[in-house]
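Chain by chain, the residues run as shown.
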Amino acid sequence: MNTSRQLLLAALLCGASFQAFAAEPASAPASVSDCWIRALPGDLPKGGYFKAHNAGDQPVNLVGISSTAFGMAMLHQTQSQGSTSSMAMVEQVPVPAHGTLVFAPGNYHAMLEEPKQALKVGSTIPLTFSFSNGQKVTAACAVKSAGTMGQ
Ligand SMILES: [Cu+2]
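In short, a report on the structure. (Residues numbered from 1 in each chain as written. Predicted model: local features only at pLDDT ≥ 70, side-chain atom pairs only at ≥ 80, totals over all residues. Heavy atoms only, no water.)

### Some thoughts on the nonpolar core
Part 1 of the argument: Ile37, Phe50, Phe103, Phe129 and Phe131 are the most contacted members of the largest nonpolar core, which has 29 residues in total.
Part 2 of the argument: Dropping the residues within four chain positions of it, phenylalanine 129 is found in contact with Val32, Cys35, Phe50, Leu62, Gly64, Ile65, Gln135, Lys136, Val137 and Ala139. (Core = buried A, V, L, I, M, F, W, Y, C linked by side-chain atoms within 4.5 Å. Buried < 20%, exposed > 50% of the residue type's maximum accessible area, 1.4 Å probe, protein only. Contact = heavy atoms within 4.5 Å.)

### Brief notes about the state of the cysteines
Part 1 of the argument: Across all of its chains, the model carries 1 disulfide by this definition.
Part 2 of the argument: Put simply, cysteine 35 and cysteine 141 are joined by a disulfide, and their sulfur atoms are 2.0 Å apart. Taking the sign of the S-S torsion, about 85° here, the bridge from cysteine 35 to cysteine 141 comes out right-handed. Here cysteine 35 is found in strand E1 (residues 30-38), whereas its partner cysteine 141 is found in strand E10 (residues 136-144), with 106 residues between them in sequence. (Disulfide = S-S within 2.5 Å. Helix = DSSP H or I, 4+ residues; strand = E, 2+ residues; numbered from the N terminus.)

### Here's the deal with the environment of proline 59
Part 1 of the argument: Looking at the secondary structure, you find proline 59 in the loop between strand E2 (46-54) and strand E3 (60-66).
Part 2 of the argument: Put simply, proline 59 and alanine 97 are 38 residues apart on the chain and 4.5 Å apart in space, counted from C-alpha to C-alpha.
Part 3 of the argument: Setting aside anything within four residues of it in sequence, one finds proline 59 in contact with Asn54, Val95, Pro96 and Ala97.

### Brief notes about the coordination of the copper ion
Part 1 of the argument: Protein coordination of the copper ion is provided by His76 (ND1), Met87 (SD), His109 (NE2) and Met111 (SD), with donor distances spanning 2.1 to 2.3 Å.
Part 2 of the argument: Taken together, the 4 donor atoms coordinating the copper ion span angles of 88 to 119° at the metal, a pattern that classifies the geometry as tetrahedral.
Part 3 of the argument: Residue classification places methionine 111 among the buried residues on the basis of a relative accessible area of 6%. (Donors = N, O, S within 2.8 Å, 3.2 Å for Na, K, Ca; no water. Tetrahedral: all angles 85-135°; square planar, octahedral: opposite > 155°, others 65-115°.)

### Quick look at the packing of aromatic side chains
Part 1 of the argument: Tallied over the full model, the rule gives 4 aromatic pairs.
Part 2 of the argument: Through pairs of rings, three or more aromatic residues link up here, namely Phe50, Phe103, Tyr108 and Phe129. (Phe/Tyr/Trp six-rings, centres within 6.5 Å; stacked < 30°, edge-to-face > 60°.)

### A word on the environment of glutamine 79
Part 1 of the argument: Inspection of the secondary structure puts glutamine 79 in strand E4 (residues 70-81).
Part 2 of the argument: Classification of glutamine 79 by relative accessible area gives partly exposed; the value is 37%.
Part 3 of the argument: Sequence-wise, glutamine 79 and glycine 106 are 27 residues apart; in three dimensions their C-alpha atoms are separated by 7.8 Å.
Part 4 of the argument: The contacts of glutamine 79, once residues within four sequence positions are left out, are Thr84, Ser85, Ser86 and Ala88.

Following this line, the structure appears as structure tokens:
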């Protein structure tokens, strides 16, 4: 008798706390804007550039990129040493509280490989950005010509 009562109480408490969580407004401080992809011919990896914003009081990390339009999507950073530059994969990139992180040519970028279709300049491709707070943000990224230098 006592045990079933405790179980019932536990179930009620769990339900109550779950509801309290669900009733809270979803915290979604991260957003992405100005996304574009440089169209390069053939199988060359394409660079994706964008601005990641964080409207929250806590820093948040960008932890991944995915797209149904590419077989592989990674976070990269271009590192220059003298006249040579190379690219390194990065696991996560911090977006400061109330800050913006700019992904631009020559620095952080999305590396998009194995396109499932040829990229058409003027079209848009959705990229999905995953953040450390659990947010997934999808942005429509404009495909721009290979000669585009900035945004
Ligand atoms: Cu790269």
